[in-house]
Amino acid sequence: MSFSLNEVEATAKRATRGAGYDWGVAEEAGKATRWLCAQGLDGVAELARVLERGFANNLGEHVPIHMEADWAGGMDLCPLMTGALLSDCSHLLQSGPSRIRNLATPAVLLPFAAQAARRQTAIVTVVAGDFIAATDGTQLVLKNEWPAHASVIEVALGDTLTNPRAQKTRAMPDPAAWNMLGRFAHRTYAPATEESRLLGAGAGLSDND
Amino acid sequence: MTTTPRNVERREPARVMRLSRLGSLHQCRLSFMRQLTRRMAAENWVFSRPVFDIDANGVGQAVYSAQGPDRTYSLVAFAHDLPPEQRSDRVIAEAWDATFALFDGVPTKDDIQRLSRNVPLQEAGRVSESELSLSRANRSVRLWAHVVDRLATGQQPDLAQIYKVGYLMRTTAVYGSGKFGAADREKIADRPEVSAPFQAEMLSVYLTRIFVRDLVQHMAKAKGGAQTAQLDPDIARWLGIGNSTGLGMAPFIVNHPILFNNWIMAREEAIARVRSVETATDAEVTMFREVFERSKLSISWWLSEHPIQIEKLVALNADLDAIAAHLDQTGLARIQPWEHLILWSQTALGEEGQELLASLILEPYGALVDGLSSCMADGNSAAFAIDGAMPVTQVRELIRTSFGWALDLDWSAAAHCARAWYVSEEKLEPRLGERFDEPIADYEQPLAPARDAARAFDALDNWSGEAPVAEFLLRHPEHRHTVRRAQMSRVAPYGEIRDNTIGAEVMPIDMLRAKLSFFGATHFDPRSDRWVRICMYAGAPYPEELGPDTADLWVYPELAQ
């Protein structure tokens, strides 16, 4: 099924919250998923892979221990939290590449690299083994398959973009992944009660007038 | 001593962004409906009705097309035969008297077929990237019956009844921006005719009004046959389109701080520009006085059964008398007449009256004001990114600027956090509940920026002032949304409501009215503290009447000759 990017963003945001992340991170995850889908990539499937890991249950182990140039956590790094940090600290890229160790689902880092590129008005490259991505914030160039996990990733300011991917205005996510986000999102909804139906939405007066 | 006219500043956010004031806003020249009708008239839009296939029971479909200089947009309308027991304006409704989609272009038969399988289902259906909005409407049962019966017996409807209700059909939700599969806002954001906020939605309602007029005539004809009267255009003009709006709108203005800022700031800038005008010409004064008189007529038709609005209307009517008396006494011949009038209003009128006056003084000054229309969309997606290098002290200062009033409040006291916003699993609609009486706190939506700001402010206090806020956020992601908002406030000084949105006393209808006033709505009629009916386009010209002379001031009724 074809979804609007707005639907993708809203669902991804709710799902991330439902998976236990804070609202501010969920907002970022929504934008990130949307950005991947706008590149014609299945951002929904990538986010589902991250949420499935359950990092939010023990988040302290999955974020960089310190902010110095070589980022590593106690366990695999969460790409949402690490991506948010990369975007927050995009200015640090001006003084040299950042290295990230043991990052889960590196595809999810790309939209945050794009946000860093927009903030620095520069091209940002993300390299993990033979996988290379480059973005100016809007457009994206990919070389080779991204890994499911990266033991070392290097993020740096780069120079040119050749043959960027075509932008998409709709998303066609993997149905199983979409359903998984739906299940996570459902955790943010309060069960319907008659009290809520009557009081919460403020009904009462007849509309047959 | 000579006084040189000074450049009047915009009003302070601390004054403007209080909920009671936002809940007293009135439409103005910058309202989205008026932006649309001005544009359609200036650009000579052409309207047509390529399909009107409705049976004697009022069931069928119709298409209304509006052709601008570059593109055509079409309302695809489905009319239904709805049993009264199913008629509900609530979002939990599952059937309606009429359902609509705004199609980007002119639909083919296949498009109409596809839409006929989805649009009547509303939330349970799917639309596509070719559709810009999805909406539905219910009849005002009494007025509908009155108009049909009168026309069918060869008579015209009673104007007094029309003034009282204002519309034949009431829309409920008008969904845009990618909802239920429709096109994203980005698809149309760069088109001049729909780049301003909610223009596609306003167009859909404008076309809906034409459909409703045609449908009531059709139904009268089906009943009355040859003796049926043709609805008098001078009566038809007073048929607006109603809207019933619930809590879905309240989160919108909290969740879009930059967009909401741009609306408020454009109006505040307009007010400041007019207050700065050195002298008013006779023509400007005459126009203002005329519009004031006409607005009194409109307000005389504004009825509500809600105790709070009844009280506000009493105060507003007293304010109208006070304004009239003040104008008679002091006139507008002095230096900076509008500035004096506004300063006087701040001491003499309630918030309803103050905001009405602030909107009315803009009317003679289209040349100063209307250009601000182009500043009301949100094109600043870059503001979403957090500047992690910002020192903790600066973030705290930003929080203090918007939320200084909230920092010392005891946010654990029941009265200050009595409510919680949540999304119900039923139809996924936003609701407001009692935190201490219902099991909803675990599902709370981030719609209490003031409380969250106070929490972040306290947490930041434990960090070195020079530390980059990124370091803080790495350890405290729970404050990430608050830090983002605080940084946004640098470009959006009017982005934050300066009141408690979860207090025991909060009135969600204030938030609804703030948004609806920018649509250009009139006759706010709260049905509870979280549910409001309004009127749109009453008095507006239909396509055959639309021209430069009728495109703008239609919102102010003229006394019948």
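Residues numbered from 1 in each chain as written. Chains lettered and ligands numbered in written order. Predicted model: local features only at pLDDT ≥ 70, side-chain atom pairs only at ≥ 80, totals over all residues.

(A) Region of the structure containing the overall build of chain B. Each helix and strand counted, chain B has 21 helices and 11 strands in total. Counting only C-alpha atoms and orienting by the principal axes, one finds that chain B spans roughly 85 × 65 × 45 Å. Residue burial in chain B is summarised as follows: out of 561 residues, 52% are buried. Partitioning the intrachain contacts of chain B with sequence separation of at least 6 by distance along the chain shows that 75% fall at a separation of at least 24. (Helix = DSSP H or I, 4+ residues; strand = E, 2+ residues; numbered from the N terminus. Buried ≥ 20, exposed ≤ 12 C-beta atoms within 10 Å, placed from the backbone. Contact = placed C-beta atoms within 7 Å.)

(B) Expanded view of the overall build of chain A. Looking only at helices and strands, one finds seven helices and nine strands in chain A. Projected onto the principal axes, the alpha-carbon positions of chain A cover approximately 65 × 40 × 30 Å. Counting over 209 residues, chain A shows a buried share of 55%.

(C) Layout of the sheet that holds strand β2 (residues 60-67) of chain B. Residue and element names in this part refer to chain B. Here nine strands make up an open sheet; going across it, the order is β1-β2-β3-β4-β5-β6-β7-β11-β10 and the pairing mixed. Single-partner strands in this sheet number two, and they are β1 (46-54) and β10 (522-528). In this sheet, neighbouring strand axes are inclined to one another by 25° on average, regardless of whether the strands run parallel or antiparallel. Summarising the sheet, β1 and β2 pair through seven bridges and their orientation is antiparallel. Residue pairing in the sheet places phenylalanine 47 in a bridge with alanine 66 of β2. Relative to the sheet, helix α21 (residues 508-519) contacts β7 (240-245), β10 and β11 (531-536), its axis offset from that of β11 by approximately 15°. (Pairing = 2+ DSSP bridges. Axes fitted to C-alpha atoms, helices over the stretch in contact; angles between N-to-C directions.)

(D) Representation of helix α15 (residues 351-360) of chain B in the model. Residues and elements named next belong to chain B. Most of α15 is tucked away: nine of the 10 residues are buried. Along α15, the residues classified as buried are Glu351, Glu352, Gly353, Glu355, Leu356, Leu357, Ala358, Ser359 and Leu360. Contacts made by the buried residues of α15 are with α2 (19-22), α11 (257-275), α12 (282-300), α13 (307-330) and α14 (337-348).

(E) Seen up close, the nonpolar core. By size, the foremost hydrophobic cluster in this structure holds 222 residues, and its most contacted members are A:Leu47, A:Ala113, A:Leu181 and B:Val76. The dominant element in this core, judged by the number of residues it contributes, is helix α8 (residues 199-224) of chain B, at 13 residues. Setting aside residues up to four positions removed in sequence, A:Leu47 forms contacts with A:Ala12, A:Ala15, A:Ala29, A:Thr33, A:Val108 and A:Leu181. (Core = buried A, V, L, I, M, F, W, Y, C linked by C-beta atoms within 7 Å.)

(F) Broad picture of the domain arrangement of chain B. Split into domains, chain B comes out as domain 1 (32-246), domain 2 (266-376) and domain 3 (381-488). The distance between the C-alpha centroids of domain 2 of chain B and domain 3 of chain B comes to 36 Å. (Domains from an automatic or database assignment.)

(G) Seen up close, the packing of helix α4 (residues 79-88) of chain A against helix α5 (residues 110-120) of chain A. All names here are of chain A. For the pair α4 and α5, interaxial distance at closest approach is 8 Å and the crossing angle is 10°. By the angle between their axes, α4 is roughly parallel relative to α5. Each of Gly83, Ala84, Leu86 and Ser87 in α4 lies in contact with α5, whose residues at this interface are Phe112, Ala113, Gln115 and Ala116. (Parallel < 35°, antiparallel > 145°, perpendicular 65-115°, else oblique.)

(H) The arrangement of the pairing of strand β3 (residues 98-104) of chain A in detail. Residue and element names in this part refer to chain A. Sheet topology places strand β2 (residues 70-71) next to β3; two bridges connect them, and they run parallel. Opposite tryptophan 71, over in β3, you have isoleucine 100 as the bridge partner. Handedness of the β2-α4-β3 crossover: right-handed. Note that β3 and strand β7 (residues 149-158) share six bridges and pair antiparallel. Each bridged residue has a counterpart across the sheet, and for isoleucine 100 the counterpart in β7 is isoleucine 153. (Right-handed = clockwise from strand over helix to strand, strands pointing away.)

(I) Just the sheet that holds strand β9 (residues 189-190) of chain A, in detail. In space, the three strands of this open sheet follow the order β9(A)-β8(B)-β9(B), with mixed pairing throughout. Each having just a single partner strand, β9 of chain A together with β9 (430-434) of chain B make up the two edges of the open sheet. Here strand β8 (residues 419-424) of chain B pairs with β9(B) via five bridges, running antiparallel. The residue of β9(B) that forms the bridge with B:Val423 is B:Pro430.

(J) Expanded view of the pairing of β10(B). Buried residues dominate β10(B), accounting for five of its seven residues. Taking the residues between adjacent antiparallel strands as the criterion, β10(B) and β11(B) are bridged by two residues.

(K) Quick peek at the interface of chain A and chain B. The partner chain B presents 53 residues to the 44 residues of chain A that form the contact. Elements with a minimum of two residues in the side of chain A that touches chain B: β1 (3-4), α1 (5-18), α2 (23-38), α4, α5, β9 and α7 (194-200) of chain A. In terms of residue count, the dominant contributor to the side of chain A that touches chain B is α2(A) (five residues). Residues belonging to the side of chain A that touches chain B are distributed by class as follows: 17 nonpolar, 15 polar and 12 charged. (Nonpolar A, V, L, I, M, F, W, Y, C, P; charged D, E, K, R; others polar.)

(L) Quick peek at the packing of α1(A) against helix α6 (residues 175-186) of chain A. Residue and element names in this part refer to chain A. In contact at an axis separation of 7 Å, α1 and α6 are set at 60° when each is read in the N-to-C sense. Judged by the angle between their axes, α1 and α6 are oblique. Along this stretch, α1 crosses α6, giving a crossing that reads as left-handed. Two secondary-structure elements touch here, α1 through Thr11, Ala12, Arg14, Ala15 and Gly18 and α6 through Leu181, Gly182, Phe184, Ala185 and His186. Of the residues belonging to the contact of α1 with α6, the class tally is five nonpolar, four polar and one charged. (Left-handed = near helix turned anticlockwise from the far one by under 90°.)

(M) Summary view of unusual backbone geometry. All names here are of chain A. Of note, the phi angle at asparagine 144 is positive, near 70°, even though the residue is not glycine. Positionally, asparagine 144 belongs in the loop between β6 (140-143) and β7. Given 11 C-beta atoms within a 10 Å radius, asparagine 144 is considered exposed.

(N) Spatial organisation of the environment of A:Gly54. All names here are of chain A. By the element assignment, glycine 54 lies in the loop between α3 (43-52) and β2. Judged by the 11 C-beta atoms lying within 10 Å of it, glycine 54 is exposed. Separated by 33 residues in the primary sequence, glycine 54 and tyrosine 21 place their C-alpha atoms 9.7 Å from one another.

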